[in-house]
Amino acid sequence: MANKKSIDLTVNIGKLKLKNPVMTASGTFGYGDEYAEFVDLNKLGAIVVKGLSLKPKEGNPPPRIVETPAGMLNAIGLQNIGINNFIKKKLPFLRQFNTPVIVNFFGDSIAEYVRAAEKLSAADGVHALEMNISCPNKQAGWSIFGTDPKVTYKVVSEVRKAADKTLIVKLSPNVTDIGLMAKVAEDAGADAVSLINTLTGMAIDIKNRRPRLANIIGGLSGPAVRPVAIRMVWQCYKAVQIPVIGMGGIVSAEDAIEFILAGASAVAIGTANFISPKITEDIINGIESYMAEEDIKSIKALTGAVQC
Amino acid sequence: MANKKSIDLTVNIGKLKLKNPVMTASGTFGYGDEYAEFVDLNKLGAIVVKGLSLKPKEGNPPPRIVETPAGMLNAIGLQNIGINNFIKKKLPFLRQFNTPVIVNFFGDSIAEYVRAAEKLSAADGVHALEMNISCPNKQAGWSIFGTDPKVTYKVVSEVRKAADKTLIVKLSPNVTDIGLMAKVAEDAGADAVSLINTLTGMAIDIKNRRPRLANIIGGLSGPAVRPVAIRMVWQCYKAVQIPVIGMGGIVSAEDAIEFILAGASAVAIGTANFISPKITEDIINGIESYMAEEDIKSIKALTGAVQC
Amino acid sequence: MNRLFQASVINNEKLVKDHYLLTLHPLEKIKKPKPGNFFMVAVNKGLDPLLRRPISIHRWLDGDFQLLYRVAGKGTSILSRNKPGDILEILGPLGRGFPLNIKSENIILVAGGLGIAPIFALAESLAGKNLSLFYGARTKTEVLCTRELNTIGVDPVISTDDGSLGGKDNIVNVLKRHVTRNPSLVTDHVLYACGPGPMLKALSMFAIKYKLKGHIALEQNMACGLGTCLGCVVKTSKGYKRVCKEGPVFSIEEIVW
Amino acid sequence: MNRLFQASVINNEKLVKDHYLLTLHPLEKIKKPKPGNFFMVAVNKGLDPLLRRPISIHRWLDGDFQLLYRVAGKGTSILSRNKPGDILEILGPLGRGFPLNIKSENIILVAGGLGIAPIFALAESLAGKNLSLFYGARTKTEVLCTRELNTIGVDPVISTDDGSLGGKDNIVNVLKRHVTRNPSLVTDHVLYACGPGPMLKALSMFAIKYKLKGHIALEQNMACGLGTCLGCVVKTSKGYKRVCKEGPVFSIEEIVW
Ligand SMILES: Cc1cc2nc3c(=O)[nH]c(=O)nc-3n(C[C@H](O)[C@H](O)[C@H](O)COP(=O)(O)OP(=O)(O)OC[C@H]3O[C@@H](n4cnc5c(N)ncnc54)[C@H](O)[C@@H]3O)c2cc1C
Ligand SMILES: Cc1cc2nc3c(=O)[nH]c(=O)nc-3n(C[C@H](O)[C@H](O)[C@H](O)COP(=O)(O)OP(=O)(O)OC[C@H]3O[C@@H](n4cnc5c(N)ncnc54)[C@H](O)[C@@H]3O)c2cc1C
Ligand SMILES: Cc1cc2nc3c(=O)[nH]c(=O)nc-3n(C[C@H](O)[C@H](O)[C@H](O)COP(=O)(O)O)c2cc1C
Ligand SMILES: Cc1cc2nc3c(=O)[nH]c(=O)nc-3n(C[C@H](O)[C@H](O)[C@H](O)COP(=O)(O)O)c2cc1C
Ligand code: FES
Ligand code: FES
């Protein structure tokens with residue numbers, strides 16, 4: 001059994017060096033402040049904040065969430081305080097910790113993506129950008145930035161030019177060939193890809209015969225989606241050279257290790273934060289214990305180590 | 001409250017008239033015989049048998065199944081006794097019941113699909129065909145019949161020419177645009193589409209660092225996938241004029257009604273048969289009770305009745 | 001004082017069909033909840049149901065506390081099977097409670113169904129003031145806590161949907177009739193209410209008409225309970241606000257129905 | 001006689017850490033199981049875990065019956081929390097049991113760990129014949145049923161992985177040594193075994209070498225238990241066979257390891 005002290009949990013994502021592979025998933029950890037009471041934010045690999053846009057967004061009408069078997073649907077509608085407010089009101093708090101802050105962002109058009117990336121690149125205390133491409137592209141007649149490879153290539157390469165910080169592209173799982181989408185992001189200059197974002201789903205209340213979400217459809221997350229997420233991480237790991245950040249239904253250290261074995265260099269914890277607000281720290285400790293027991297010196301050795 | 005006697009549960013799928021909308025999902029009800037002990041087969045809307053090919057198939061090595069949160073992965077590998085053996089050994093038993101028998105089938109090439117459809121069209125006691133297009137297409141370099149619209153159009157239209165019986169095309173959910181795939185099937189001559197087949201997934205044993213399935217990847221089914229299935233049924237209902245048969249995670253009458261409201265004319269029960277072998281009958285009774293309580297005369301009135 | 005704590009079940013008493021009173025003993029010191037605060041209770045360790053269930057503080061017993069709940073579905077049904085000695089993992093107290101620091105001595109309380117759970121806590125905190133409680137329920141047996149209310153000197157006006165106790169009417173109409181007959185009932189009064197959405201809406205319309213100030217406790221589907229998922233919003237005159245964080249108690253005039 | 005039935009828990013006794021003996025009373029008449037048959041037990045009504053758990057018949061008590069199980073994960077852990085009076089929904093008996101109608105009077109039984117569960121049932125059915133039981137376990141405390149075995153006149157040769165009872169060796173090696181010293185031990189003998197895969201494999205190699213005929217009970221992940229999902233196959237000389245239907249008992253020579 002390895003001495004816990006000698007275990008190397010660090011991982012590299014682009015120019016970032018994380019002290020361990022456990023990050024928070026965007027939209028499930030707010031802007032970090034609410035969780036400081038439950039988790040030592042200094043212990044986290046990285047904090048990924050709620051998706052931001054240039055202007056504040058109101059989001060969708062309620063109901064916005066509904067529970068499903070071993071999962072949940074959400075249709076928050078990307079409600080956020082806007083990049084400027086984030087920089088002014090939330091970033092100072094986050095700068096106190098020596099944990100990288102990764103800002104998830106999105107736009108309605110390529111121009112908006114680029115402007116957002118520029119602003120965030122200039123902001124002190126933002127360590128990396130994660131671009132959420134699961135948004136409708138208003139210009140191209142509501143095709144989705146994340147499902148049409150040509151549009152994906154274009155928006156990622158434009159953002160790449162505008163952003164000198166580490167750029168992570170967050171992939172939508174609602175596609176036929178996820179490996180292709182990862183390759184497109186890599187070719188367009190991404191430093192890493194992260195996945196999965198939510199699977200599109202729907203639920204209907206049979207009493208009033210209406211959708212359970214005001215927005216009709218929403219995004220499925222939680223343990224229910226884990227097998228799909230693991231499969232996609234494995235496919236992306238084989239398709240690209242850049243690091244893959246895995247997420248989708250992680251609720252334990254064992255789940256996190258499953259993603260790492262499938263090919264993830266780092267993992268993100270989403271819905272599980274709602275189950276237990278201190279779960280991220282528990283998972284970090286659990287990974288360390290697993291490595292001690294299995295006598296693994298460096299977490300990097302586990303990435304993609306599944307034997308097929 | 002409506003009198004149960006006056007409730008009309010019949011639905012039409014192509015030339016078929018079913019006495020109620022509840023069918024079995026292929027691969028989860030064997031060839032019907034094992035369940036006769038638990039369910040009155042005469043009560044079912046239709047029996048859909050395990051997927052058949054021209055020649056018997058051995059299937060994948062074990063382990064072939066693994067449980068996941070509110071779901072399961074399977075990689076049976078389409079093991080089956082072959083169409084000839086089915087006609088000789090299993091069909092005589094099924095002919096005793098006045099319940100339509102729908103044969104699920106597949107091939108490795110378009111020619112095989114067509115030959116299989118011809119054979120089944122000629123078989124007395126086979127009432128409809130369900131073609132499973134979630135199989136790799138060996139000719140076109142392992143693209144999948146069910147994910148490339150052009151290939152889908154070609155294989156469905158060829159089968160259509162060869163089959164005069166009601167033809168159902170079973171769609172794969174592992175695509176970017178399920179509505180498009182349904183439309184392609186309709187244009188190629190399908191009488192109905194059924195969905196969803198399983199979502200591709202994977203699970204890894206972190207102790208031995210191997211995939212939990214010998215086949216590495218498998219198909220996810222069960223309640224976990226239901227929100228995705230409901231969304232896809234709703235999308236297909238809007239995309240095509242032909243009936244949609246909905247399935248994916250139904251374990252109760254409430255779930256079945258959710259699918260019908262989303263746009264399904266009929267539903268199929270899969271993984272739930274493993275939870276309880278008499279669940280199909282329970283679900284039929286439950287639908288009837290719901291209709292009596294809600295004073296709905298005909299189940300047809302519920303199809304697509306969700307108010308968005 | 002951690003807001004994520006374990007508590008052992010002292011008692012999980014079935015009061016009447018589907019209605020339970022759960023008495024809990026926290027295994028560590030917790031923050032004293034205010035009336036209107038709630039807890040997110042993990043009903044089991046598995047993944048079905050996945051999320052915690054929000055339940056209001058019903059009664060604070062000097063460190064121990066009580067929740068009053070109705071079996072509404074899967075989660076509360078599992079909760080109802082807890083036995084003395086079982087351990088629950090709980091997050092809370094959460095949210096913004098009813099404002100207690102008010103000048104008015106005359107308080108109207110309105111509770112619909114399980115809305116009595118937090119309203120009782122509030123009544124206990126405001127004991128000493130002039131409290132008029134209007135309490136509606138579906139049927140006689142579901143009128144709860146009447147003995148405890150009497151103990152703190154509150155004698156509720158009751159109505160039931162089936163007329164088995166009190167008038168056969170909804171409680172908002174009852175209040176309206178009282179006020180129509182005697183408008184001074186509402187001058188210099190403050191209103192507090194909790195109950196089903198339609199009741200709160202009707203009550204709010206009424207209160208606005210009579211320029212009656214007050215606060216209502218709302219419900220919404222919740223995931224985190226901490227303000228991070230943005231799942232539990234309601235529409236207010238200042239945009240969407242989170243029931244778990246800015247609420248569950250809102251002033252009557254700010255809600256956009 | 002329905003093979004889908006409810007049974008009430010008479011007792012769910014913890015024998016030793018993680019090992020339980022569950023005594024059940026079917027609420028309707030069920031088919032009498034044969035040694036080697038199994039039941040698919042629904043451990044709860046929720047969706048997590050989703051599937052039933054296969055457990056072998058351990059003992060038939062004139063209508064009531066017993067299951068002997070080890071807490072291996074989530075499902076068996078939930079099962080272990082059942083109390084007298086709780087109701088379980090069960091499917092079975094299922095599968096093909098051990099062939100009992102055999103000419104030989106000399107039987108070698110081999111049990112590894114929880115393999116004793118069905119092997120005990122078998123020993124009880126074959127009582128009267130000349131039974132030699134080789135029984136391996138991880139440690140002394142996990143050697144179960146010794147009193148009951150003595151009652152039916154079986155005096156097992158025991159070995160444990162840690163040497164805390166019997167020899168410190170795996171039980172197949174123990175059997176091998178017995179036979180090497182005294183080859184007549186296996187002439188005209190029939191072998192029956194149940195236990196972990198690696199043990200059964202080693203035992204099968206040995207049996208084939210010594211031309212010892214016999215049967216082994218296998219395990220495999222299962223979904224339906226009825227032969228329909230084709231999930232539980234093992235490789236045999238005649239292709240894949242289903243553990244739940246053609247098995248769980250197979251003749252030693254047909255399995256392809
Ligand atoms: C701040 C707050 C305080 C509450 N206090 C109490 C209380 O003191 N006592 C009490 O009995 N109940 C209270 N509730 C309601 C309680 O949370 C729900 O009844 C419970 O979550 C239902 O869970 P379930 O699994 O039993 O039912 P489910 O199967 O989840 O649902 C059953 C029905 O309840 C509805 N429902 C589900 N979750 C919620 C929710 N979070 N809020 C409202 N409706 C929901 C569903 O839409 C469905 O119609 C409170 C809710 C909130 C938001
Ligand atoms: C025909 C048959 C008879 C059995 N009889 C008994 C018995 O009498 N007593 C007893 O204690 N156990 C018996 N088992 C094994 C028992 O079914 C498993 O231990 C149980 O299903 C584990 O469920 P779990 O949820 O507790 O563990 P899980 O969390 O599901 O799994 C824990 C571990 O057990 C393995 N496992 C899961 N399911 C099975 C399975 N179906 N078969 C084998 N391994 C599995 C998993 O891969 C994992 O390594 C039998 C299995 C079969 C197939
Ligand atoms: C309530 C909620 C809000 C989310 N908001 C965002 C977001 O703003 N940007 C984004 O890229 N992903 C968002 N996600 C997706 C998560 O970051 C994550 O990709 C997904 O939930 C899968 O992980 P999980 O199963 O661990 O939750 C959100 C998810 C949830 C549940
Ligand atoms: C064990 C198993 C075997 C299956 N075999 C087939 C098959 O042969 N052909 C087919 O079209 N679908 C097959 N399916 C898919 C089901 O018919 C169904 O589409 C899917 O499982 C979703 O429904 P469910 O969640 O109710 O199981 C199989 C599913 C399972 C679980
Ligand atoms: S429940 Fe998550 S913000 Fe309120
Ligand atoms: S468990 Fe389904 S065939 Fe054996």
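Residues numbered from 1 in each chain as written. Chains lettered and ligands numbered in written order. Predicted model: local features only at pLDDT ≥ 70, side-chain atom pairs only at ≥ 80, totals over all residues. Heavy atoms only, no water.

Peer 1: Could you give an account of the overall build of chain C, naming the residues involved and the relevant values?
Peer 2: Looking only at helices and strands, one finds five helices and 16 strands in chain C. Against the 2.2 N^0.38 benchmark of 18 Å for 257 residues, chain C shows a C-alpha radius of gyration of 18 Å, consistent with a compact globule. For the C-alpha atoms alone, the extent of chain C along its principal axes is close to 55 × 40 × 30 Å. Across chain C, the mean location of the 34 positive side-chain charges is 6 Å away from that of the 21 negative side-chain charges. (Helix = DSSP H or I, 4+ residues; strand = E, 2+ residues; numbered from the N terminus. Rg over C-alpha atoms; globule rule 2.2 N^0.38 Å. Lys, Arg positive; Asp, Glu negative; His and termini not counted. Charge placed at Lys NZ, Arg CZ, Asp CG, Glu CD.)

Peer 1: Outline the domain arrangement of chain C, listing residues and values.
Peer 2: All names here are of chain C. Assigned domains of chain C: these are domain 1 (4-94) and domain 2 (106-251). Domain 1 puts 18 residues into the contact, and the matching count from domain 2 is 23 residues. Summed over both partners, the interface of domain 1 with domain 2 buries about 1,800 Å², with 71% contributed by carbon and sulfur atoms. When the buried surface of domain 1 facing domain 2 is broken down by residue, Pro35, His58 and Arg59 rank first, second and third, together holding 27% of it. (Domains from an automatic or database assignment. Contact = heavy atoms within 4.5 Å. Buried area = accessible area lost by both parts, 1.4 Å probe.)

Peer 1: I'd like a rundown of the site of ligand 1, residues and numbers included.
Peer 2: Residue and element names in this part refer to chain C. Surveying the vicinity of ligand 1 reveals 19 residues, the closest of which are Arg53, Pro54, Arg70, Gly75 and Thr76. Here threonine 76 contributes a side-chain N or O atom positioned 2.3 Å from an oxygen atom of ligand 1. For ligand 1, whose accessible area on its own is 840 Å², the fraction buried by protein is 76%. Those elements giving two or more residues to the shell around ligand 1 turn out to be strand E4 (53-56), strand E6 (64-70) and helix H1 (74-80). With four residues, the top contributor of residues to the shell around ligand 1 is E4. Of the residues belonging to the shell around ligand 1, the class tally is nine nonpolar, six polar and four charged. Viewed by domain, the shell around ligand 1 spans two of them, domain 1 (4-94) and domain 2 (106-251), each represented by three or more residues. (Near = heavy atom within 4 Å. Polar contact = N/O pair within 3.5 Å; in protein donor to acceptor, adjacent residues only side chain to side chain. Areas by Shrake-Rupley, 256 points an atom, 1.4 Å probe, with all protein chains shown as cover. Nonpolar A, V, L, I, M, F, W, Y, C, P; charged D, E, K, R; others polar.)

Peer 1: Before we move on, could you go through the pattern of salt bridges and cite the residues and values that matter?
Peer 2: Going through the model one piece at a time under the given rule, you end up with 55 salt bridges over all chains. Here glutamate 67 of chain A makes a salt bridge to arginine 53 of chain C, at a shortest N to O gap of 2.7 Å. In this pair, glutamate 67 of chain A sits in strand E5 (residues 65-68) while arginine 53 of chain C sits in strand E4, so the two residues belong to two different chains. The partly exposed category is assigned to glutamate 67 of chain A, whose relative accessible area is 28%. The salt bridge partner of arginine 138 of chain C is glutamate 142 of chain C, with a shortest N-O separation of 3.1 Å. Judged by relative accessible area, which is 44%, arginine 138 of chain C ranks as partly exposed. For glutamate 142 of chain C, a relative accessible area of 15% corresponds to the buried category. (Salt bridge = Lys/Arg side-chain N within 4 Å of Asp/Glu carboxyl O. Buried < 20%, exposed > 50% of the residue type's maximum accessible area, 1.4 Å probe, protein only.)

Peer 1: Mind laying out the sheet that holds strand E3 (residues 38-42) of chain C, listing which residues take part and the relevant values?
Peer 2: Residues and elements named next belong to chain C. If you trace the seven strands from one edge of the open sheet to the other, you get E4-E3-E7-E1-E2-E6-E5, paired in antiparallel fashion. If you trace the sheet from one side to the other, it starts and ends with E4 and strand E5 (59-61), each paired once. Recorded for the sheet is a direction-independent mean angle of 35° between the axes of neighbouring strands. Both strand E2 (residues 19-26) and E6 contribute to a ladder of six bridges, which runs antiparallel. In the sheet register, tyrosine 20 faces E6, and the bridge partner there is tyrosine 69. (Pairing = 2+ DSSP bridges. Axes fitted to C-alpha atoms, helices over the stretch in contact; angles between N-to-C directions.)

Peer 1: For the packing of helix H3 (residues 149-162) of chain B against helix H4 (residues 178-187) of chain B, give the residues involved together with the corresponding values.
Peer 2: Residues and elements named next belong to chain B. Between H3 and H4, the least distance of the axes is 8 Å, while the angle of their chain directions is 30°. What the angle tells us is that H3 and H4 run roughly parallel. Judged by the twist between their axes, the crossing of H3 over H4 is right-handed. Judged by residue contacts, Pro149, Thr152, Tyr153 and Val156 of H3 engage Leu180, Met181, Val184, Ala185 and Asp187 from H4. Considered class by class, the residues forming the contact of H3 with H4 number seven nonpolar, one polar and one charged. (Parallel < 35°, antiparallel > 145°, perpendicular 65-115°, else oblique. Left-handed = near helix turned anticlockwise from the far one by under 90°.)

Peer 1: Could you give an account of the relation of the copies chain D and chain C, naming the residues involved and the relevant values?
Peer 2: The two copies are related by a screw operation: chain D maps onto chain C through 180° of rotation and 0.0 Å of translation along the axis, at an RMSD of 0.0 Å. When the rotation and shift are considered jointly, the pair of chain copies conforms to a two-fold rotation axis. Minimal C-alpha separation from the rotation axis in chain D is found for aspartate 48 of chain D, amounting to 2.9 Å. (Least-squares fit on C-alpha atoms with pLDDT ≥ 70 in both.)

Peer 1: Summarise the side chain of arginine 226 of chain A; cite the residues concerned and give the values.
Peer 2: Inspection of the secondary structure assignment puts arginine 226 of chain A in helix H5 (residues 226-239). Assessed through its relative accessible area of 11%, arginine 226 of chain A is described here as buried.

Peer 1: Give me the lowdown on the interface of chain B and chain A, citing residues and values where you can.
Peer 2: Residue-level contacts link 44 residues of chain B with 44 residues of chain A. Between chain B and chain A, a total of about 3,800 Å² is buried, with carbon and sulfur atoms accounting for 67% of that surface. Sorting the residues of chain B by area buried against chain A places Met202, Ile206 and Arg209 of chain B first, and these three jointly supply 20% of that buried surface. For the pair chain B and chain A, the interface holds two salt bridges. Glutamate 294 of chain B serves as the salt-bridge partner of arginine 209 of chain A, at 3.4 Å between the closest nitrogen and oxygen. In this structure, the connection of chain B to chain A is made through 13 residue pairs in polar contact (both at pLDDT 80 or more).

Peer 1: Outline the pairing of strand E16 (residues 217-221) of chain A, listing residues and values.
Peer 2: All names here are of chain A. The buried count for E16 comes to four of five residues, which makes it a mostly enclosed element. Direction of pairing for strand E13 (residues 199-202) relative to E16: antiparallel, over a ladder of four bridges. From the neighbouring strand, threonine 200 faces E16, where its bridge partner is glycine 219.

Peer 1: Let's hear about H5 of chain A: which residues, and what values?
Peer 2: Residues and elements named next belong to chain A. Its 14 residues give H5 an end-to-end C-alpha distance of 20 Å, which sits within 8% of 20 Å, the value for a rise of 1.5 Å per residue. Of all 14 residues in H5, 10 are buried, a share of seventy percent or more. Buried within H5 are the following residues: Arg226, Pro227, Val228, Ala229, Ile230, Arg231, Met232, Val233, Trp234 and Cys236. (Expected span 1.5 Å × (residues − 1).)

Peer 1: How would you explain H4 of chain B if you had to name every residue and give the values?
Peer 2: Residues and elements named next belong to chain B. Taken across its 10 residues, H4 has seven buried, putting it largely inside the fold. Buried within H4 are the following residues: Ile178, Gly179, Met181, Ala182, Val184, Ala185 and Glu186. Those residues of H4 that are buried are in contact with H3, strand E11 (166-170), strand E12 (192-195) and helix H5 (226-239). N-capping of H4 is provided by aspartate 177, with a side-chain oxygen placed 3.2 Å from the backbone N of glycine 179. Two residues or fewer after H4 comes glycine 189, characterised by a positive phi angle close to 110°.

Peer 1: Residues and numbers for the interface of chain D and chain C, please.
Peer 2: Taken together, the contact between chain D and chain C spans four residues of the former and four residues of the latter. Between chain D and chain C, the buried area comes to about 260 Å², and carbon and sulfur atoms account for 55% of it. Here chain D is connected to chain C by zero salt bridges. Counting every contact that joins chain D to chain C gives two residue pairs in polar contact (both at pLDDT 80 or more). Per-class residue counts for the side of chain D that touches chain C are one nonpolar, one polar and two charged.

Peer 1: Can you explain the packing of helix H1 (residues 83-95) of chain A against helix H2 (residues 110-122) of chain A? Please cite residues and give values.
Peer 2: Residues and elements named next belong to chain A. Between H1 and H2, the least distance of the axes is 10 Å, while the angle of their chain directions is 15°. Taken together, the axis directions place H1 and H2 in an arrangement best described as roughly parallel. For H1 against H2, the interelement crossing comes out right-handed. For the pair formed by H1 and H2, the contact residues are Ile83, Asn84 and Ile87 on the first element and Ala116, Lys119 and Leu120 on the second.

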